[in-house]
Amino acid sequence: MSLRLREMTRTGGLQLVCLVISVGFFALPLVYLALQAFKTNTEFLNDPTGLPHSWTTANFSDAWSQGDFSTEMVNSLLYAVVPDVITLVLGVFLAFPISRGWFKHSNALYGFFVFSGFLPAGLIPLFIEAQKIGTYNSRIGYLIMTSLTGAGFFFFVGYIKTIPRELDEAAALDGCGYIRFIFTMIIPQMKPALATFGIFGFVAGWNNLILPLVMLNDQSLWPVTRGLFSFFGQYSSQWPLVAAATIIVALPILAVFAILQRNLVEGVAGGAAAGSGGVTVTRNPEKIP
Amino acid sequence: MSTIPFGTKRTRRWLPWASIAVPTIGWLVFGLFPSVATVFYSFTEYSGFPGTPLHFCGLCNYHNALNSSWTDFETSVTVTLKYVAGVTVLQISIGLGLALLLRHRRRGFGLYRALIFMPQVFSVTIVGVLFSLILDPQNGPAEPAYHGLFGSTSAFLGDQTWALWLVIMINVWMFSGYTMLVYIAALRRIPPELYEAASLDGAGRFRTFRHITWPLLANATTVNVFLTAMGCVGEYALIRVLTDGDYGTKTLGMYMFDTAFGVNPSLGYGSMLAVAQFVITLVIGSALLFFLRRREVTL
């Protein structure tokens, strides 16, 4: 009996420690920020660390209109979704012939792409190049620059190798064309890999700050990350307003996280299990192009 | 080279090339070319203002870095090394600690793990604003807490001695969930029989960790250390939001960004800094891989 009791208090203690750490250190800062958004500015200045009394929602509507977040939300969505989808499809088209060994030097080609990932980040030449070819300060240009990469390519090569070649031959015999084959046979087979990369790519694209900072000059082209950065600089003395803007910007990605957190967590754990380090949330998203 | 089942005899020859054409060209234009061109621009005095000539000057930028602006350069290299060391050591220790706490499949643990992982899905802007509020010397909650503990005041992110360490801790806060998840995946692959054997032999908690858990995590440690160090060596987005590179937080990446896109832009000198950063990344990366792999082998 006493042994069970001790066991119970120990598990209880562990539960408590884990709860305090995860909630206290990782969730509380955000909750604190959210609370500030419900204060009026005078209320905040009188009692900056206390709970809100007026529970005003005016900060949210003010931040929404003053920061022009409606346009920026649309931009963010475009900058996250379009390159993500195109990158995945192009990545499959790049990975398929290489993993099937259709080139004389497929391995060398693969090695070359891997090697290029270790070269210095070319942000400065990309900036010069973008101004020359007209992709600077342009929505389409930004999408082109972020879409034309083969992200996920390395992982795809390995993944496609697990899809039997007999499938290609059978499909070809039945008169299925190459493009149709990729879209109707290969891409559905790769759903788990594509989903993982799609989620990580979306998050990385949505969160990119440096590339919009360098490439997009007009406010009407900014994504929310860039918009919030300027908003913070402009209204840094009005914390409740800035807090409201931050919550507005954080909510969509928080919703994505809440829905897909299992996939994200499994993506990390699965990647680690494969021994490759697997999928990483791109820490320097400017390296994507 | 294997046979291609698709297409007619004529189309078969260029089919693979057509398949990889668009992503390869895109990668050449927006990936490889800018990377290689960084080295080229590092030999020029290009200011970046439209219409100014691309003056080729050999090793002038490298010469300047090592002579006239040596202190700036040296400081940013030192800051970068401190940053990488600080983030890596802290993130590995904290990530491992969290993994040991949260590895079990218990009620509520899934939620705790998700909460710890959560910060890294946020943009650096959100994290930057969040901690700017918490560490605000006038209106933030950290100030009264600090005052109560130490009886003095601090400017936190505006304090020369504290700013870098605070940025390091914020970086760790953001990404320790990732390290934790990699460690948990590895912990779950350790066969339970080993622990049973150890406890039969009378090994205590510490010795079990020292002789079973830690050695068997060598693979995960390699992955974690390498990814953490490589991920933060070029960090500047977070620093840009938090301190803008002031108060002793100017890493090489931040210095590069300032030089290339700041008030008085010099793309040539900035490119040189990007090359320097690349060299440091390469040196740290290969040194880490060498030692970590050797450690795995000798186990």
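Since we're looking at a predicted model, the values are computed, not measured.

Q: Which parts of the structure should I look at to understand the overall build of chain A?
A: Along chain A, the regular secondary structure elements total 14 helices and zero strands. In sequence order, the secondary structure elements of chain A are arranged as α-α-α-α-α-α-α-α-α-α-α-α-α-α. For chain A, the C-alpha atoms occupy an extent of roughly 75 × 75 × 35 Å along the three principal directions. When burial is assessed residue by residue, chain A has 42% of its 289 residues classed as buried. Once local pairs closer than 6 in sequence are excluded, the contacts in chain A between residues at least 24 apart make up 72%.

Q: Explain the overall build of chain B here, please?
A: Per the secondary structure count, chain B includes 14 helices and zero strands. The order of helices and strands in chain B, counted from the N terminus, is α-α-α-α-α-α-α-α-α-α-α-α-α-α. Summarising its shape, the C-alpha atoms of chain B cover approximately 75 × 75 × 35 Å along the three principal directions. A burial count over chain B gives 43% of its 299 residues as buried. Pairs at least 24 apart in sequence give 70% of the contacts found in chain B among residues at least 6 apart.

Q: Sorry if this is basic, but what is going on with the interface of chain A and chain B here?
A: Interfaces are often sized by the accessible area lost when the parts come together. Of the residues lining the interface, 78 residues belong to chain A; the matching set on chain B comes to 72 residues. The leading source of residues in the side of chain A that touches chain B is helix α14 (residues 239-273) of chain A, at 15 residues. For the side of chain A that touches chain B, the per-class residue count stands at 53 nonpolar, 19 polar and six charged.

Q: When you look at the nonpolar core in this model, what are you seeing that I'm missing?
A: A general feature of soluble globular proteins is that nonpolar side chains tend to end up buried together. One finds A245 of chain A together with V127, V167, I170, V182, Y183 and L238 of chain B to be the most contacted residues of the largest nonpolar core, which totals 149 residues. If we skip the residues at most four places from it in the chain, V127 of chain B touches P119, F122, I170, M174 and L238 of chain B.

Q: Whenever I open this one, the confidence of the model for chain B confuses me. Can you help?
A: Detailed conclusions should not be drawn from predicted coordinates in areas where pLDDT is low. For chain B, per-residue confidence averages 90 on the pLDDT scale, and 98% of positions sit at 70 or higher. The complex model carries a pTM of 0.90, and its ipTM stands at 0.88.

Q: Sorry, what's going on with unusual backbone geometry here?
A: Most peptide bonds take the trans configuration, and most residues that are not glycine carry a negative phi. Positioned with a positive phi, W55 of chain A is a non-glycine residue whose angle comes to about 50 degrees. Relative to the assigned elements, W55 of chain A resides in the loop between α2 (41-46) and α3 (58-66). The exposure class assigned to W55 of chain A is exposed, which follows from the 10 C-beta atoms found within 10 Å. A positive phi angle, close to 50 degrees, is found at F156 of chain B, a residue other than glycine. Tracing the sequence through the fold places F156 of chain B in the loop between α7 (142-150) and α8 (163-187).

Rules used throughout
Residues numbered from 1 in each chain as written. Chains lettered and ligands numbered in written order. Predicted model: local features only at pLDDT ≥ 70, side-chain atom pairs only at ≥ 80, totals over all residues. Helix = DSSP H or I, 4+ residues; strand = E, 2+ residues; numbered from the N terminus. Buried ≥ 20, exposed ≤ 12 C-beta atoms within 10 Å, placed from the backbone. Contact = placed C-beta atoms within 7 Å. Nonpolar A, V, L, I, M, F, W, Y, C, P; charged D, E, K, R; others polar. Core = buried A, V, L, I, M, F, W, Y, C linked by C-beta atoms within 7 Å. pLDDT = per-residue confidence, 0-100.

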